[in-house]
Amino acid sequence: MSIKPDFSLLAAQDQILGHGDFKYKVDTKWGNLDPTKVPVVNCHEMVMDRKGRMIMLTDEAKNNVIIYDQSGKLLSTWTLGLDRAHGLSLVDEGDAEYLWVVDNGGKVVKTSLDGKVVAEISSPLTNEIYTEKMPWVPTETAVAPNGDLYIADGYGSQFFLQYDKDGNFVRKFGGKGNQDAQFSTAHGIAIDQRGGKAPTLLCTSRGHNSFKRFTMDGEYLETIFLPGAFVCRPVIHRENLYAGVCWSRLRYLEQTDNSGFVTILDKNNKVVSNPGGTAPEYRNGELQIMLQKEPVFKHCHDVCIDQDENIYVCQWNAGKTYPIKLTRV
């Protein structure tokens, strides 16, 4: 079987992307594997465990989880046999670390790092949280400091569902709509504790080009508007907020295929760099529209940040390619 090289990726190798203090060298060769042995369809999300291993989720049922070391060497793989695996979150419970895996087919499962299922959240359709006509297509999870689990129903009814640490349903909030507390593709969620503040929820509203902040009880607080950027889940590392941008409004201000980039916000939620995108510009305090500039990425679906602040970019609909590493310079 011959594999044709992606010449756009070859051209991008060693290119410098980004702005200000957040510039990166492109490494398109990091993590490349033999697709006949370890295939991927979409590289959906990635997390880093306490050992510094990079754990990536794909929707290739042969190997849902691919575990790398930081040099890009393959360490191991395992699978749950899911062909719509989409969301991956890591929780450190002290005695051990666990993964929450979300499949667009409706599964939300907790596993050990080697793939043993230890818990599962049942569909909200089975216990009258949802009515029978409400679609359930979960996309993401986040775990609060008290152990509560939040699930984003990003491709379904666009609610966020809260469960306690024992798996008991607490509440739901959000839903589809254009009000402040509603969502257009409620794709991702993260717990924000930056600056030592009390935790809040950052929730993606991808169609609104924004993150929306809520209390832990689901009360709306504010919107972080990112014009032009169809952001996926928020990823917090130290004082900064990172996100993969799956599309930008490249042509006629419409969502355009193969127009992704990465966006980085500082502790004040001001955009400071857009690797692969246009430089962030503020006029009278208003962020101007952001677009892809360098065509390095197609559809950035997630980013993972390591201890040296390098970025690993997972992509959806990118020709079954492996992650791209951005090495900070």
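Student: Explanation requested: the pairing of strand 13 (residues 159–163) in the structure shown.
Tutor: Two faces belong to every sheet, and in a regular strand the side chains alternate between them. Of all the five residues making up strand 13, five are buried; the element is thus mostly covered by neighbouring parts of the structure. Both faces of strand 13 are covered, namely the face carrying Phe159, Leu161 and Tyr163 and the face carrying Phe160 and Gln162. Note: strand 13 against strand 14 (residues 169–174), five bridges, orientation antiparallel. The residue of strand 14 that forms the bridge with Gln162 is Arg171. Between the antiparallel neighbours strand 13 and strand 14 lie five residues, among them Gly167 with a positive phi of about 90°.

Student: What is the right way to read the packing of aromatic side chains from this model?
Tutor: Within a pair of aromatic rings, the relevant descriptors are the distance that separates the centres and the angle that separates the planes. Tallied over the full model, the rule gives 12 aromatic pairs. Both rings, one in Phe214 and one in Tyr220, keep their centres 5.7 Å apart while their planes meet at 80°; by these two values the pair is edge-to-face. Note on Tyr220: relative accessible area 26%, which makes it partly exposed. One aromatic cluster is present, built from ring pairs that chain together Phe160, Phe173, Phe183, Phe214 and Tyr220. We note Lys110 situated over the ring of Tyr98; from NZ or CZ to the ring centre the distance is 4.7 Å. Over the ring of Tyr282 we find Lys270; its NZ or CZ atom is 5.2 Å from the centre of that ring.

Student: How should the environment of Gln182 be read in this particular structure?
Tutor: If you trace the backbone, Gln182 turns up in the loop between strand 14 and strand 15 (189–192). Separated by 165 residues in sequence, Gln182 and Leu17 have C-alpha atoms that sit 34 Å apart. The contact partners of Gln182, leaving out residues within four places of it in the chain, are Gly174, Gly175, Lys176, Gly177, Ser205, His208 and Lys212. A distance of 3.4 Å separates a polar side-chain atom of Gln182 from the backbone nitrogen of Asn178.

Student: Just checking my understanding: could you explain unusual backbone geometry for this structure?
Tutor: Backbone phi values are negative for most residues with the exception of glycine, while trans is the configuration of most peptide bonds. In this model, Leu253 sits at a positive phi of 60°, which is unusual for a non-glycine residue. Relative to the elements of secondary structure, Leu253 occurs in the loop between strand 21 (240–251) and strand 22 (254–256). Since its relative accessible area comes to 53%, Leu253 is described here as exposed. Non-glycine residue Glu309 carries a positive phi angle of around 65°. When you line up the elements, Glu309 lands in the loop between strand 27 (300–305) and strand 28 (311–315).

The rules we used
- Residue numbers restart at each chain and count upward from 1, following the sequence in its written direction.
- Thresholds applied to this predicted model are a pLDDT of at least 70 for local features of residues and 80 or more for the giving and counting of side-chain atom pairs; totals over whole chains, interfaces and linings are not thresholded and use all residues.
- Excluding hydrogens and water, the side-chain figures rest on all heavy atoms present in the structure.
- Type-normalised accessible area, obtained with a 1.4 Å probe on protein chains alone, sets the label of each residue: buried when under 20%, exposed when over 50%, and partly exposed for intermediate values.
- For helices the rule is a DSSP run of H or I covering at least 4 residues; for strands it is a run of E covering at least 2, with both sets numbered from the N terminus onward.
- When DSSP finds two or more bridges between two strands, those strands count as paired.
- In this scheme Phe, Tyr and Trp rings, the latter by its six-membered ring, pair at centre separations within 6.5 Å, and the angle between planes marks the pair as stacked below 30 degrees, edge-to-face above 60, and tilted otherwise.
- Ring-over charges, as used throughout, are those where CZ of Arg or NZ of Lys falls within 6 Å of the ring centre and within 35 degrees of the ring normal.
- The contact criterion used throughout is that any non-hydrogen atoms of two residues lie within 4.5 Å.
- Whenever a nitrogen or oxygen atom comes within 3.5 Å of another N or O atom, the pair is scored as a polar contact, on the condition that within protein one atom can donate a hydrogen and the other can accept it, and that pairs from neighbouring residues in sequence are kept only if both atoms are in side chains.

By themselves, these are just geometric observations and shouldn't be taken as functional.
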